[in-house]
Amino acid sequence: MNTALKSQLLMLSNTKKKFNSLYHEEALRLGISDTALWILYSIFGAEETFTQYDLCEAWQYPRQTVNSAITSLIKVGYVTLEVIPGTRNRKAIHLTENGLVFCKKNILPLYLAEERAYLQMSEKELDTFVALYEKQYALLKKEFGSKNDETTGEKGNHDVNE
């Protein structure tokens, strides 16, 4: 890997880690797990109802991770589960009154901070940022999904220091 590209990839990786760290620090401050934070973030701002399955799909979390976070949110009284009529075992996740109060106090400020931060970017910058982020995801997904390296025919185990 050439030095310039390696340096850029390291900078991107570090920036992503710092970005994720902001939300992790908020979760710690609130005394909840990162997954619980993202569940509350999702259901508080949503017009539609989410199930545990929906959250697994949306956030790419394993089922057990979401189930554990939901269980902890039920224990502290922030959410309830309600069986969706006509389904075998799908349950809608609803905020309780305590959950709504918690989200207004703690999740709403996250939305507003994000909005203020993104409004400091021009519309063109934001469009470019979103487009490049989506492109990076699609390209990485394609590359991670490829079974063989096209140049060597080798599977996996590539030295990052090449």
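Along the polypeptide, R29 turns up in helix α1 (residues 3-30). Spatially, the C-alpha atoms of R29 and W59 are 21 Å apart, while their sequence positions differ by 30 residues. There is a polar contact of 2.8 Å between the side chain of R29 and the side chain of E26.

Inspection of every chain in the model, using the stated rule, returns 10 aromatic pairs. Between F19 and Y23, the aromatic rings sit 5.8 Å apart at their centres with planes inclined by 50 degrees, giving tilted as the arrangement. Of this pair, F19 and Y23 are both found in helix α1, four residues apart, which corresponds to roughly one turn of the helix. Overall, the relative accessible area of 12% leaves Y23 in the buried class. Plain terms: the ring middles of Y41 and W59 are 6.5 Å apart, the flat faces sit at 80 degrees to each other, and that makes the pair edge-to-face. Remark: W59 occurs in helix α3 (residues 52-59) and Y41 occurs in helix α2 (residues 34-44); sequence separation between them is 18 residues. Residue Y41 is classed as buried on the basis of its relative accessible area, which comes to 16%. Accessibility expressed as a relative area gives 29% for W59, which makes it partly exposed. Taken together through their ring pairs, the aromatic side chains of F19, Y23, W38, Y41, F44, W59 and Y111 make up a single cluster.

Considering the arrangement of structural elements, one finds S42 in helix α2. Residue classification places S42 among the buried residues on the basis of a relative accessible area of 10%. In this structure S42 touches F50, L55 and W59, once residues within four positions along its chain are discounted.

Take the packing of α2 against helix α6 (residues 108-119) next. With their axes 10 Å apart at the nearest point, α2 and α6 run at an angle of 80 degrees to one another. Judged on the interaxial angle alone, α6 and α2 are roughly perpendicular. Mapping the contact onto sequence places L37, Y41 and F44 in α2 and L108, L110, Y111 and E114 in α6. Here the residues of the contact of α2 with α6 are counted per class, giving six nonpolar, no polar and one charged.

We now examine the confidence of the model for the protein chain. Close inspection of predicted coordinates is inappropriate in any region flagged by low pLDDT. For the protein chain, mean pLDDT is 89; residues scoring 70 or higher make up 90% of the total. Mean pLDDT values over the elements of the protein chain span from 91, in α3, up to 98, in helix α5 (residues 97-106). Note that residues 148-162 has pLDDT below 50 and, in this model, 10 contacts with residues that lie over four places away or in other chains.

Rules and cut-offs
Residues numbered from 1 in each chain as written. Predicted model: local features only at pLDDT ≥ 70, side-chain atom pairs only at ≥ 80, totals over all residues. Heavy atoms only, no water. Helix = DSSP H or I, 4+ residues; strand = E, 2+ residues; numbered from the N terminus. Polar contact = N/O pair within 3.5 Å; in protein donor to acceptor, adjacent residues only side chain to side chain. Phe/Tyr/Trp six-rings, centres within 6.5 Å; stacked < 30°, edge-to-face > 60°. Buried < 20%, exposed > 50% of the residue type's maximum accessible area, 1.4 Å probe, protein only. Contact = heavy atoms within 4.5 Å. Axes fitted to C-alpha atoms, helices over the stretch in contact; angles between N-to-C directions. Parallel < 35°, antiparallel > 145°, perpendicular 65-115°, else oblique. Nonpolar A, V, L, I, M, F, W, Y, C, P; charged D, E, K, R; others polar. pLDDT = per-residue confidence, 0-100.

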